[in-house]
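# Fold and geometry: a report
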Amino acid sequence: MNWVLRQLGPQAIIYPGQQQHARAAIQWLSGAIQQERIFAHLGWRKHGEHWMYLHAAGAIGAQGPLSDFQMLLPVALQKYRACPPADCCELIQAVRASLEFLSVAPDRITFPLLAAVYRAPLGGANFSLFLTGRTGTFKTALAALCQQHFGPIMGASHLPANFASTANALEEIAFAAKDALLVVDDFAPAGLGKMDN
């Protein structure tokens, strides 16, 4: 109870030997304590009896979007925003747009990349994909198209991570991005390539 004088000033008096009574009175008169549940990661989380998928703007449950969840994510992950389709026509259009990715490069490149997109929400994986090639072969553009499945504004110049970050920063971002695709862009003018996790 030493905080009383510091916070309330000399007019707040607690008589000797009455600290426990003062503490009890504060707790009794404070009313209901507001509780908040703030999530600091992406991906699956069980809430009560039901599972939900967390993203930067809230969560998605079996019945659709859930907006009453607070998120506190690293800045790099704040662009992960699911945009559920408004109706069946929009859903069909989204699936077709996703599958059209297979036509933008040879199958040996696009099939593993799109498979990684769909594999990411299924939970932890002990592998990553690495795009390599000469400068100007659209490695970053391909990786960005994959990343945009998890947030439409994550284009080639707005990817969540890059190798300019420290190893600790990348590890923190990867941990918080659980169950989501994380593109780590390696801007290397010498042509060292790009990496997808």
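In this numbering scheme, every chain counts its residues from 1 along its sequence in written order. Confidence filtering applies because this is a predicted model: local features only for residues at pLDDT of at least 70, side-chain atom pairs given and counted only at 80 or more, and all residues used for totals across whole chains, interfaces and linings. Think of the side-chain values as coming from all heavy atoms in the structure, minus any hydrogens and water.

## Structural notes on the overall build of the protein
Strands here are runs of E lasting at least two residues and helices are runs of H or I lasting at least four, both read from the DSSP assignment and numbered beginning at the N terminus. Within the protein, the secondary structure is distributed over 6 helices and 10 strands. Radius of gyration (C-alpha) of the protein: 24 Å, far over the 16 Å computed for a compact globule of 197 residues. Projected onto its principal axes, the C-alpha coordinates of the protein cover approximately 80 × 45 × 25 Å. Here the protein holds 197 residues, and 33% of them are scored as buried. Once local pairs closer than 6 in sequence are excluded, the contacts in the protein between residues at least 24 apart make up 52%. Carbon and sulfur atoms form 60% of the exposed surface of the protein, whose accessible area is close to 13,400 Å². We take the radius of gyration over the C-alpha atoms and set the globule estimate at 2.2 Å times the residue count to the 0.38 power. Remark: exposure states derive from per-residue accessible area (1.4 Å probe, protein chains only) relative to the maximum for the residue type, with buried under 20%, exposed over 50%, and partly exposed in between. When checking whether two residues touch, look at their non-hydrogen atoms; a contact exists if any pair is within 4.5 Å. Note that accessible areas follow from Shrake-Rupley with a 1.4 Å probe, and for residues the cover is restricted to the protein chains shown.

## What to know about the sheet that holds strand S3 (residues 50-55)
The criterion for strand pairing is that DSSP finds at least two bridges linking the strands in question. Spatial ordering of the open sheet is given by S2-S3-S4-S5, a layout of 4 strands whose pairing is antiparallel. Unpaired on one side and paired on the other, strand S2 (43-47) and strand S5 (64-66) mark the two borders of the sheet. Put simply, the sheet's adjacent strands are angled 35 degrees from each other on average, direction ignored. Pairing analysis gives 3 bridges linking strand S4 (residues 58-61) to S5, with the strands arranged antiparallel. Under this scheme, a helix contributes an axis fitted over its contacting stretch, all axes are lines through C-alpha atoms, and angles between N-to-C directions fall in the 0 to 180 degree range.

## Some remarks on a nonpolar patch on the surface
On the surface, Met1, Trp3, Leu8 and Ile26 cluster together into a nonpolar patch covering about 360 Å² of accessible area. Inspection of the secondary structure puts Leu8 in helix H1 (residues 3-8). A patch consists of residues whose relative accessible area exceeds 30% and which take part in no salt bridge; residues with like charges are grouped when within 9 Å of each other, and nonpolar side chains (Val, Leu, Ile, Met, Phe, Trp, Tyr) when within 5 Å. For this document, the term salt bridge refers to a Lys or Arg side-chain nitrogen within 4 Å of an Asp or Glu carboxyl oxygen.

## A closer look at the environment of Trp44
Checked against the element boundaries, Trp44 lands in strand S2. A C-alpha to C-alpha distance of 22 Å links Trp44 and Leu129, two positions 85 residues apart in sequence. Once residues lying within four places of it in the same chain are set aside, the contact partners of Trp44 are Trp51, Met52, Tyr53, Pro121, Lys178 and Asp179.

## Digging into the packing of aromatic side chains
Working definition: rings of Phe, Tyr and Trp (its six-membered ring) pair if their centres are within 6.5 Å, and the pair is stacked with planes under 30 degrees apart, edge-to-face with planes over 60 apart, and tilted otherwise. Under the definition given, this model contains 3 aromatic pairs. Their ring planes at 55 degrees and their centres at 5.9 Å tell us that Phe39 and Phe69 sit as a pair that is tilted. A residue pair is termed long-range when its members are at least 10 positions apart, and Phe39 in strand S1 (residues 38-39) and Phe69 in the loop between S5 and strand S6 (70-71) qualify at 30 residues. On the accessibility criterion, Phe39 (3% relative accessible area) is buried.

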